[in-house]
Amino acid sequence: MAGLNSTKLHVAKTIKLYISGAFPRTESGRSFPVYLFNSKKIYAHLCRASRKDLRNAVAAAKSAQAGWCGRSAYNRSQILYRMAEMMEGKRNEFIEIFVQTLGYSSAEANDVVEQAIDALVYYAGFADKFQQLIGAVNPVSGPHHNFTTPEAVGVVALICAEKFDFSRFVGQIAAITCSGNSTVVLLAQDGAAVLAPLAEVFATSDLPGGVINLLSGFAEELAPHLAGHMEIDSICLARNDENMRAAVKEDAVFNLKRIVDNPANELSLAQILQFVEYKTVWHPIGF
Amino acid sequence: MAKVKNSAESVNGDRFKFEYAPAPEAIDMVKIKKENKLFINGKWVSGKSEKFFETINPANGEKLAELTEADAQDVDRAVKAARKAFNGEWSKISGKERGRYLFRIARIIQERSRELAVLETMDNGKPIKESRDFDVPQLAANFFYFAGWADKLEYLFNGKSVQPLGIAGQIIPWNFPLLMAAWKLAPALAAGNCVVLKPAETTSLTALLLTEIIEESGLPAGVVNVITGAGKTGAALVNHPDVDKIAFTGSTEVGKTIARSTVKSKKILTLELGGKSAHIVYEDAAIEQAVEAVVGGIYFNQGHVCCAGSRLLVEESIAPVFVHKLKHRMASLRVGDPLDKNTDIGAINSRSELDKIKKLVAAARNEGYEYFETAATALPEKGYFINPCFFNNVASSANICRREVFGPVLAIQTFRTPAEAIKKANDTAYGLAAGIWSEKGSKIHKTAAGLKAGVIWANTYNKFDPASPFGGYNESGWGREGGRHGLLSYVEVK
């Protein structure tokens, strides 16, 4: 048990942010408490990320993206599968957090972890296949070789739903990153303690630092800065709050970020394709 | 550099001096109505407010016709007619039958191609050789291509079924009036949507002629509705609550306004916006072909092309030779009467566009960048014309290097390494297109992979095809048009 209110003197883990493959505290010196389920007993203090933390995370995501996209699809697939393996190894740690902070039964918590592992394996297997399913050699009229390939859109910000849904947002992270995007994830306060083991999964999966960055904090505070950030290319908007969605969408128009509004909760090709651009290349055919 | 008068002589010497006899296209087969109505629910109807506006021939400034200015009530009528057709007759007919209508429209376009080409040139100002050999054949080709999709939608997306979105409000620009109408109408109809189309206010006449063709094809009433007007009419269409999909081609500025105005709605948007596309020429390129492509890339259609290669990035080692050859080639470009078959560069579409281009050119000249323009032919006294020009050794920060001019104005820069070329090419808010010239295949692929652009022409430029997806990264817009990917913009994947 990690809580400060434990009767024994456990070493309580400080849950820090995950930026650029490192675990910094928020530069702001702020935190917010996570409680044991249905109690006022503190489970842990989490970092309340600031605008500057967000910008650091975006800078990390931006600098990591080209390298990640440049990896072979096979390699990205291997790394996503490695995440599944690492999550499997931490299964009990996840279960403990879900039981203690969210009140899940052990069986429920186990199912949720199982589904998240499924999502990682599913998209690991898709990393080197979606290109063939949506790419095309186009039969243009004239002596030209013309082909269309999907390409990662760049830096994608994920604003998680208010209500904690572990397998859904792990699936979204996998769908976003399997094609070569990097991401900055803004976790909801609900269930945010999961940041600790999740970040450790990413940190120990051979994933290059900066490809996935995790921030705990207040969406109301950070979403506007994220929506207006010029280095973010796309926003996956899973948050339900209508006012926040409208505000984010409006601010995102400034540099025409792609908005993936209310993404479906499913494992599918369509989820990957929401985060790609299509590049069409022409070349003459002749001697 | 000072303006070069009769530069064909100054660059080429007197050895090659060609005289051209006038070769005007006949206009007698084009019948233009003095007053034009709206096409709503299968009928030509007057606007509620009975307001009209003029459309002119930009080659001489003379009035061609008057067009109805559709107001919010007219837009509402058109959307209601589209909804009625979508819920009624159009939803009941099979994909095969939808395809038949599109095939029929394509064939009638071919049969009336001369009429369409001549009117397009009169209304838009583009050279007849372009409207005749490019715009109208592509118009027909787009209807033919998407016609064949209509009964094959079950193959469109792997493992999923697709459904039409409903009512598509489509707003198109003035640079390729017919072709843009085809890019919008053909996939929308193939996928089973109904449409309200608003052509640009300066170039509505050919859209109305195309509407006559659609009427002639027997397409059920309300499936295609065409309303004329300017920004206010477009805004009424964008903001109409019963429109499911907005497809807009035009400026990034207006595209952003549309995106902002729909954030609280469920409307689905595709936006084909501006560009500042880079044309990269490596030292190992086929130089003569590259020169030809650079000229075509920027001066085609007076430079009124969203994907125009408006930035030339030439490798430093060949820059002097390349620029010399470019001047030589530009010296034989003929600016003049768009209806003359020898004309390479026609009229700028409107006074306001001409003023905008002149202002940007003047500002860049004031900034002191090396300037070159050709004047192989004297500009006509009437109408809106400008000589093709370029600025050499331009800084990446220069306005002329960053802003979309949408005219026959090229900005030239140099680079030393492929990495620098890619970095400079990507140094833009846009991401529509790019060109690469090299005889080395691996270099082309590596460069293409590094460029943030939706369309890349390698050892060619400005090629278009209905089967080829078109659209950009970043501020060049959202979504693709053309090909299978373009059709996906008009369906919901279930």
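Counting of residues starts from 1 at the beginning of each chain's written sequence and follows it residue by residue. Chains and ligands are labelled sequentially in the order written, the chains with letters from A and the ligands with numbers from 1. The predicted origin of the model limits local features to residues at a pLDDT of at least 70 and limits the giving and counting of side-chain atom pairs to 80 or more, whereas totals for whole chains, interfaces and linings rest on all residues. Only heavy atoms go into the side-chain values, all of them from the structure, while hydrogens and water stay out.

Residue and element names in this part refer to chain B. The angle between two axes is taken between their N-to-C directions and runs from 0 to 180 degrees, where each axis is a line fitted to C-alpha atoms and a helix contributes only its stretch in contact. By definition, any uninterrupted DSSP run of H or I lasting at least four residues is a helix, any uninterrupted run of E lasting at least two residues is a strand, and each is numbered from the N terminus. Where helix H4 (residues 95-111) contacts helix H8 (residues 205-216), the axes come no closer than 9 Å and their chain directions differ by 130°. One finds that H4 runs oblique with respect to H8. Judged by the twist between their axes, the crossing of H4 over H8 is right-handed. Across from Ile105, Ile108 and Ile109 in H4, the residues of H8 making contact are Leu210, Ile213, Ile214 and Glu216. Residue classes follow a fixed rule: Ala, Val, Leu, Ile, Met, Phe, Trp, Tyr, Cys and Pro count as nonpolar, while Asp, Glu, Lys and Arg count as charged, and any other residue, Gly among them, counts as polar. A class-by-class count of the residues in the contact of H4 with H8 yields six nonpolar, no polar and one charged. The cut-offs work like this: below 35 degrees is roughly parallel, past 145 is roughly antiparallel, 65 to 115 is roughly perpendicular, and the gaps in between are oblique. The hand of a helix crossing depends on one turn: near helix anticlockwise from the far one by less than a right angle means left-handed, and clockwise means right-handed. Contacts are assigned to residue pairs with any non-hydrogen atoms lying within 4.5 Å of each other.

To continue, consider the domain arrangement of chain B. Residue and element names in this part refer to chain B. By domain assignment, chain B separates into domain 1 (7-18 + 275-458) and domain 2 (35-272 + 473-493). Residue ranges for the domains originate in an automatic or database domain assignment. Computed from C-alpha coordinates alone, the two centres of domain 1 and domain 2 are separated by 31 Å. Listed per partner, the contact involves 32 residues of domain 1 and 31 residues of domain 2. We define a salt bridge as a side-chain nitrogen of Lys or Arg found within 4 Å of a carboxyl oxygen belonging to Asp or Glu. Inspection of the domain 1/domain 2 interface yields two salt bridges. Here Asp344 ties to Lys129 by a salt bridge, and the two come within 2.5 Å at their closest N and O atoms. Counting of polar contacts relies on pairs of N or O atoms within 3.5 Å, with two restrictions inside protein: one atom must be capable of donating a hydrogen and the other of accepting it, and residues adjacent in sequence are counted only when both atoms are side-chain atoms. Linking domain 1 to domain 2 there are 15 residue pairs in polar contact (both at pLDDT 80 or more). Across the side of domain 1 that touches domain 2, the residue classes break down as 15 nonpolar, 11 polar and six charged.

Looking now at the side chain of Ser489 of chain B. Residue and element names in this part refer to chain B. Its place among the elements puts Ser489 in the loop between helix H17 (483-487) and strand E20 (491-493). Overall, the relative accessible area of 11% leaves Ser489 in the buried class. For Ser489, the contacting residues outside a window of four places in its chain are Leu165, Lys245, Thr270 and Arg480. Buried means the residue's accessible area, taken with a 1.4 Å probe over protein chains only, is under 20% of the maximum for its type, while exposed means over 50%, and partly exposed covers the values in between.

All right, on to helix H15 (residues 418-425) of chain B then. Residue and element names in this part refer to chain B. Buried residues of H15: Ala421, Ile422, Lys424 and Ala425, and no others. In an axial view of H15, the angular spread of the buried residues amounts to 165°, which keeps them on one side of the axis. Those residues of H15 that are exposed and angled more than 90 degrees off the buried face are Ala419 and Lys423. Residues of H15 that are buried in the fold lie against strand E12 (278-281), strand E13 (311-315), strand E16 (409-415) and helix H16 (441-450). Summarising the geometry, the arc corresponds to the directions from the helix axis toward the C-beta atoms.

All names here are of chain B. The pairing of strand E1 (residues 35-36) with strand E5 (residues 62-68) spans two bridges and is parallel. Residue pairing in the sheet places Asn36 in a bridge with Leu67 of E5. Between strand E4 (residues 52-57) and E5, which pair antiparallel in sequence order, lie four residues; one of them, Gly61, sits at a positive phi of approximately 75°. When DSSP finds two or more bridges between two strands, those strands count as paired.

Another aspect to go through is the nonpolar core. Here the nonpolar core consists of buried residues drawn from Ala, Val, Leu, Ile, Met, Phe, Trp, Tyr and Cys, with membership extended through side-chain atoms lying within 4.5 Å. With 210 residues, the main nonpolar core has Met87, Phe98, Phe166 and Leu214 of chain A together with Phe143 of chain B as its most contacted residues. Considering every element that reaches this core, the biggest residue donor is helix H7 (residues 177-190) of chain B, with 11 residues. Mapping this core onto the domain boundaries places at least three of its residues in each of domain 1 (7-18 + 275-458) and domain 2 (35-272 + 473-493) of chain B. Sequence-distant contacts of Phe143 of chain B, defined by excluding residues within four places in its chain, comprise Leu102, Ile105, Ala106, Ile109, Ala182, Leu185, Ala186 and Leu210 of chain B. Core analysis: the next-biggest nonpolar cluster, separate from the first, contains 26 residues, Cys47, Ala227, Ile235 and Leu237 of chain A among them.

Before going further, it helps to examine the interface of chain B and chain A. Many authors give the size of an interface as the accessible area that is lost as the parts come together. Facing 43 residues of chain B, the contacting portion of chain A comprises 39 residues. For the pair chain B and chain A, the two sides together bury roughly 3,200 Å², of which 57% comes from carbon and sulfur. Counting across the interface, chain B meets chain A through two salt bridges. In this structure, Glu266 of chain A engages Lys160 of chain B in a salt bridge whose closest nitrogen and oxygen atoms are separated by 3.7 Å. Summed over the shared surface of chain B and chain A, the number is 25 residue pairs in polar contact (both at pLDDT 80 or more). Elements supplying a minimum of two residues to the side of chain B that touches chain A: helix H10 (252-261), H16, strand E18 (455-458), strand E19 (477-478) and H17 of chain B. Sort the elements by how many residues they give to the side of chain B that touches chain A and H16 of chain B lands first, with five residues. A 1.4 Å probe defines the accessible area here, and the buried area is the portion of it lost by two parts on being joined, summed over both.

Next up on the list: the sheet that holds strand E9 (residues 258-261) of chain A. Residues and elements named next belong to chain A. Pairing within the open sheet is parallel, and its five strands lie in the order E7-E6-E5-E8-E9. Each having just a single partner strand, strand E7 (212-216) and E9 make up the two edges of the open sheet. Here the average twist between neighbouring strands, direction ignored, is 15°. Against the sheet, helix H7 (residues 195-203) touches strand E6 (182-187) and E7, its axis set at about 170° to E7. Running at roughly 170° to strand E8 (residues 234-237), helix H9 (residues 242-252) makes contact with strand E5 (155-159), E8 and E9 of the sheet.

Residue and element names in this part refer to chain B. With the rule as written, the count across this model stands at 45 salt bridges over all chains. Arg112 is the partner of Glu115 in a salt bridge, and the nearest nitrogen-oxygen pair spans 3.1 Å. A single burial state applies to Glu115 and to Arg112, both of which are buried. Glu475 is paired through a salt bridge with Lys256; the nearest N and O atoms lie 2.9 Å apart. Residue Glu475 is located in the loop between E18 and E19, and its partner Lys256 is located in helix H10; the two are separated by 219 residues in the primary sequence. A network of salt bridges, in which partner residues are shared, links Lys33, Arg112, Glu115, Glu212 and Glu216.

So, on to the state of the cysteines. Note on terminology: disulfide describes a covalent bond linking the sulfur atoms of two cysteines. In plain terms, two cysteine sulfur atoms within 2.5 Å form what is called a disulfide here. For the coordinates displayed, the defined rule picks out zero disulfides over all chains. Residue Cys178 of chain A stays outside any disulfide, its sulfur separated by 11 Å from that of Cys69 of chain A, the closest cysteine. Take Cys178 of chain A: its relative accessible area is 0%, and that puts it in the buried class. We note that Cys389 of chain B lacks a disulfide partner, and the nearest cysteine sulfur, in Cys401 of chain B, lies 13 Å from it. Taking the relative accessible area as the measure of exposure, Cys389 of chain B reaches 1% and is therefore buried.

Here we come to the packing of aromatic side chains. Only Phe, Tyr and Trp rings take part, Trp by its six-membered ring, and two of them pair if their centres are within 6.5 Å. Stacked means planes under 30 degrees apart, edge-to-face means over 60, and tilted covers everything else. All told, the structure shown has 28 aromatic pairs over all chains when counted by the stated rule. Arranged with centres 5.4 Å apart and planes meeting at 55°, the rings of Phe98 of chain A and Phe164 of chain A form a pair that is tilted. With Phe98 of chain A in helix H3 (residues 91-102) and Phe164 of chain A in the loop between E5 and helix H6 (166-177), this pair connects stretches of sequence that are 66 residues apart. Each member of the pair Phe98 of chain A and Phe164 of chain A is classed as buried. Aromatic pair Phe134 of chain B and Phe300 of chain B: ring centres 5.3 Å apart, planes at 85°, arrangement edge-to-face. Placement of the pair is Phe134 of chain B in helix H6 (residues 128-147) and Phe300 of chain B in the loop between helix H11 (287-299) and E13, with a sequence separation of 166 residues. There is no split in this pair, since Phe134 of chain B and Phe300 of chain B are both buried. Taken together, Phe134, Phe176, Trp183, Phe300, Trp457, Tyr461, Phe464 and Phe470 of chain B form an aromatic cluster joined through their ring pairs. The ring centre of Phe254 of chain A lies 5.7 Å from the NZ or CZ of Lys256 of chain B, which sits over that ring. Here, over-ring charges are defined by two tests on the NZ atom of lysine or the CZ atom of arginine: distance to the ring centre within 6 Å, and angle to the ring normal within 35 degrees.

All names here are of chain A. Topologically, Ser179 is positioned in the loop between H6 and E6. One polar contact links Ser179 to Asn181, side chain to side chain, over a distance of 3.1 Å. Among residues more than four places away in sequence, those in contact with Ser179 are Cys69, Arg76, Phe130, Ala152, Ile272, Phe275 and Val276.

With that settled, the discussion passes to the sheet that holds E12 of chain B. Taken in spatial order, the 10 strands line up as E3(A)-E4(A)-E10(A)-E18(B)-E17(B)-E12(B)-E13(B)-E16(B)-E15(B)-E14(B) in an open sheet, and their pairing is mixed. Taken across any chain shown, the strands that pair with only one partner, and hence form the sheet edges, are strand E3 (136-137) of chain A together with strand E14 (370-373) of chain B. Summarising the sheet, strand E17 (residues 433-437) of chain B and E18 of chain B pair through four bridges and their orientation is parallel. Across the sheet, the residue bridging to Ala433 of chain B is Val455 of chain B, located in E18 of chain B.

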